[in-house]
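For reference, the chains in residue letters:
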Amino acid sequence: MAQQLQLAATDPLTEGTQRWVYAHPHDPKKLIKVLRPLALTKGRSKLATMTEKYIPTIRRRWARKEYQEYLRLMLGRWGDDLHPPISHMYGFVQTDKGLGCVTDAVLDQGSLGPTLKDKAGALDPSDLALFNDTIRRLYLYDIRAGDMTARNFVFGQRAVSGTQGPRECVLVDGFGDIHTIPIRSAGRWFNRFGLDDSCKRLARKTGLRWHPDTRQFSQPN
């Protein structure tokens, strides 16, 4: 049996409503995401909380959907030019906090990179260009992204072939068709309609301007 990784003695680097995110104890270029116990989830709507309480398997379903989307992308016929706009995923490990999912660390000078939310409307032109390139690739690769919040887009560098790659914007969470009725998986048109809606909501939350004709963002006038 593989040795259990010890995380409980360390603090999470960051956390979401569903998961803690820890530094990988043996690889600084990777993170480990661990599902919070249901009682410790926070920031959920009453409907979501009740659903998770009485249908606990739904939380495991989200993890499966995330991995399914990653595999769908990586096993697609994209050729050698594939540049994933989402985090790479490296399997699961046993930890003293529960089953952990190993994924990319998107770093900025050795620390976790800032999120779109952290920048709070103060995007410089270069980061706005990186963000728009990620949006372009979400459409290009037909990524099912059901939770495109500002805190799920991270700016920084991640490892490419063992070395740090160029600065980019990465959707680190919220991908996969997690909806009860997986309408986005019904076809490319349905998913693009969903992406359009997600981008409109993201514009309202961030103060950026969404251009549906070009499917790109700009600074507000």
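Use the structure listed above.
Residues numbered from 1 in each chain as written. Predicted model: local features only at pLDDT ≥ 70, side-chain atom pairs only at ≥ 80, totals over all residues. Heavy atoms only, no water.

**Thoughts on the overall build of the protein**
Here comes step 1: Tallying secondary structure elements over the protein gives 5 helices and 13 strands in all.
Here comes step 2: Among the 221 residues that make up the protein, the fraction classed as buried is 43%.
Here comes step 3: A total accessible area of about 12300 Å² is found for the protein, and carbon and sulfur atoms account for 57% of it. (Helix = DSSP H or I, 4+ residues; strand = E, 2+ residues; numbered from the N terminus. Buried < 20%, exposed > 50% of the residue type's maximum accessible area, 1.4 Å probe, protein only. Areas by Shrake-Rupley, 256 points an atom, 1.4 Å probe, with all protein chains shown as cover.)

**So, the environment of arginine 215**
Here comes step 1: Here arginine 215 lies in the loop between strand E12 (209-211) and strand E13 (216-218).
Here comes step 2: Taking the C-alpha atoms as reference, arginine 215 lies 7.7 Å from aspartate 196; in sequence the two are 19 residues apart.
Here comes step 3: Not counting chain neighbours up to four residues away, the residues in contact with arginine 215 comprise Ile135, Tyr139, Arg192, Asp196 and Trp210.
Here comes step 4: Separated by 2.9 Å, the side chains of arginine 215 and aspartate 196 make a polar contact. (Contact = heavy atoms within 4.5 Å. Polar contact = N/O pair within 3.5 Å; in protein donor to acceptor, adjacent residues only side chain to side chain.)

**Remarks on the packing of helix H4 (residues 125-140) against helix H5 (residues 188-206)**
Here comes step 1: The N-to-C vectors of H4 and H5 enclose an angle of 155°; their axes lie 10 Å apart at closest approach. Between H4 and H5, the angle falls in the class roughly antiparallel. Two secondary-structure elements touch here, H4 through Phe131, Ile135, Leu138, Tyr139 and Leu140 and H5 through Arg188, Arg192, Leu195, Asp196, Cys199 and Leu202. (Axes fitted to C-alpha atoms, helices over the stretch in contact; angles between N-to-C directions. Parallel < 35°, antiparallel > 145°, perpendicular 65-115°, else oblique.)

**As for the pattern of salt bridges**
Here comes step 1: Using the criterion set out here, one finds 15 salt bridges in the structure.
Here comes step 2: Linking arginine 144 and aspartate 142 is a salt bridge whose minimum nitrogen-to-oxygen distance equals 2.8 Å.
Here comes step 3: Classification of aspartate 142 by relative accessible area gives buried; the value is 6%.
Here comes step 4: Arginine 201 is paired through a salt bridge with aspartate 197; the nearest N and O atoms lie 3.2 Å apart. On the criterion of helical spacing, the pair formed by arginine 201 and aspartate 197 is a turn pair, its members being 4 residues apart in helix H5.
Here comes step 5: Arginine 201 gets classed as partly exposed once you look at its relative accessible area, which sits at 36%. (Salt bridge = Lys/Arg side-chain N within 4 Å of Asp/Glu carboxyl O.)

**Description of the environment of proline 37**
Here comes step 1: Structurally, proline 37 is set in the loop between strand E3 (30-35) and helix H1 (46-54).
Here comes step 2: Take proline 37: its relative accessible area is 40%, and that puts it in the partly exposed class.

**Observations concerning the sheet that holds strand E5 (residues 98-104)**
Here comes step 1: Spatially, E1-E2-E3-E5-E4 is the arrangement adopted by the 5 strands of the open sheet, whose pairing is antiparallel. Of all the strands in the sheet, the pair left with one neighbour each is strand E1 (14-15) and strand E4 (89-95).
Here comes step 2: Sheet topology places strand E2 (residues 19-23) next to E3; 5 bridges connect them, and they run antiparallel. Bridging across to E3, alanine 23 finds its partner in leucine 31. (Pairing = 2+ DSSP bridges.)

**Re the pairing of strand E8 (residues 153-156)**
Here comes step 1: Residues Phe153 and Phe155 line one face of E8 and the alternating positions Val154 and Gly156 line the opposite face, and both faces are buried.
Here comes step 2: Note: E8 against strand E11 (residues 168-171), 4 bridges, orientation antiparallel. Bridge assignment links glycine 156 to a residue of E11, and that residue is glutamate 168.

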